[in-house]
Amino acid sequence: MERVISGIRPTGNLHLGNYFGAVKSFVKMQDEYDCMFFIADWHSLTTHPTPENIRSSVKTILSEYLACGIDPEKAPIYVQSDVKQVLELYLYLNMNAYLGELERVTSFKEKVRKQPDNVNAGLLTYPCLMAADILMHKADKVPVGKDQEQNMEMARLFARRFNRIYNVEYFKEPASFYFADKAVKVPGLDGTGKMGKSEGNCLYLCDDEKTVTKKIMRAVTDQGPTQLNQEKPEVIQNLFTLCELLSGKEAADYYNDLYNRMEIRYGDMKKQMAADANTLLAPIRERILAYSSDDALLEKIMRQGAEAAAERAEKTIEEVREIIGFRKI
Ligand code: AMP
Ligand code: TRP
């Protein structure tokens, strides 16, 4: 069976970008593939070097994964820092990764701009750690949002390079997976590019009903079209993208038609989006509350996940040591 791996950093609550970009795929894939999902707590140190409370952030994401429908019986869930073998593979990948190519990664350049006082080596080698997470499991498919495409290319590059350097056919090149057959980029409620924690434009899975409605009703729009079949400005295109994700293609087509006829009322469209968002989120919200108060269950899931991941990781590391020529331990 094809293997699947993916993870998210515990740097805040999950939002609709995470849901439609990644977690919805996780839930779908667990029935058809050999999946494992994890919480990338080491990665979070690249942007949050002194985490306030890493343990509770990890549990937050775990509760949210479970609330979205990931079933640990089908797909083990583990915490990245529980599986130390990843570090060894990270080290080997770092040795074959070059400064120039790491510096050219867009998300690295973006972080240099955003946190000029903390351009740490972990940020630079972020793609190496991510590749270690993936190659460790010999994953075939990795469900991620569009923004991870370059990191995925790096993972493929590192896999190829390892094989070439050691003259083996060992690592597979992992493919990105999108549930909708094309990369998903969920726009922010402020009409700008991407919904993201640091942008302050998110709808969180744990937002209550009133907050959901308020945020959507306040989503940025314009004065409306002034010509028939007018091309949509970015903010409106983004609203339609969100509408299609929340209310479905038929609803988005219906409002698109009204837009083209200059009869659209954004308020009506948003009302439907808010209602559909609440229908989607109400049960998730309820389950987040239930899971997050069941500490014993969360601990058990993390322990079992770590065991399953470590077993696989240990096998990979033994083989990699053998390929490179280190002693068997
Ligand atoms: P992050 O929240 O940046 O740690 O991302 C975690 C996962 O969610 C990654 O797979 C991202 O690609 C995905 N993701 C985050 N925000 C978005 C977004 N606005 N659109 C699509 N995918 C996203
Ligand atoms: N880079 C991913 C993000 O920001 C998180 C991540 C770390 C990841 N390691 C991974 C995703 C391995 C998929 C596979 O969201």
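Our structure's up above, just so we're on the same page.
Reading the values: rules and limits
Residues numbered from 1 in each chain as written. Chains lettered and ligands numbered in written order. Predicted model: local features only at pLDDT ≥ 70, side-chain atom pairs only at ≥ 80, totals over all residues. Heavy atoms only, no water. Salt bridge = Lys/Arg side-chain N within 4 Å of Asp/Glu carboxyl O. Buried < 20%, exposed > 50% of the residue type's maximum accessible area, 1.4 Å probe, protein only. Near = heavy atom within 4 Å. Areas by Shrake-Rupley, 256 points an atom, 1.4 Å probe, with all protein chains shown as cover. Helix = DSSP H or I, 4+ residues; strand = E, 2+ residues; numbered from the N terminus. Nonpolar A, V, L, I, M, F, W, Y, C, P; charged D, E, K, R; others polar.

**Focus: the pattern of salt bridges**
On inspection of all chains with the given rule, the structure shows 21 salt bridges. With its nearest N and O atoms 2.9 Å apart, the salt bridge here joins Arg156 to Glu149. Judged by its relative accessible area of 16%, Arg156 falls in the buried class. On the basis of relative accessibility, which here comes to 22%, the residue Glu149 falls in the partly exposed class. Put simply, Lys215 and Asp207 hold a salt bridge, and the shortest N to O gap is 2.7 Å. A relative accessible area of 24% places Lys215 in the partly exposed class. Through salt bridges that share partners, Arg3, Asp34 and Arg312 make up one connected network.

**Here we look at the site of ligand 1**
What surrounds ligand 1 is a group of 17 residues, the closest being Asn18, Gly145, Asp147, Val186 and Met195. Out of a free accessible area of 480 Å², ligand 1 has 94% covered by protein chains. Tallying contributions element by element places helix α1 (residues 16–29) first for the shell around ligand 1, with four residues. By residue class, the composition of the shell around ligand 1 is six nonpolar, six polar and five charged.

So, to be careful, I would describe these as geometric facts and stop short of saying anything about function.
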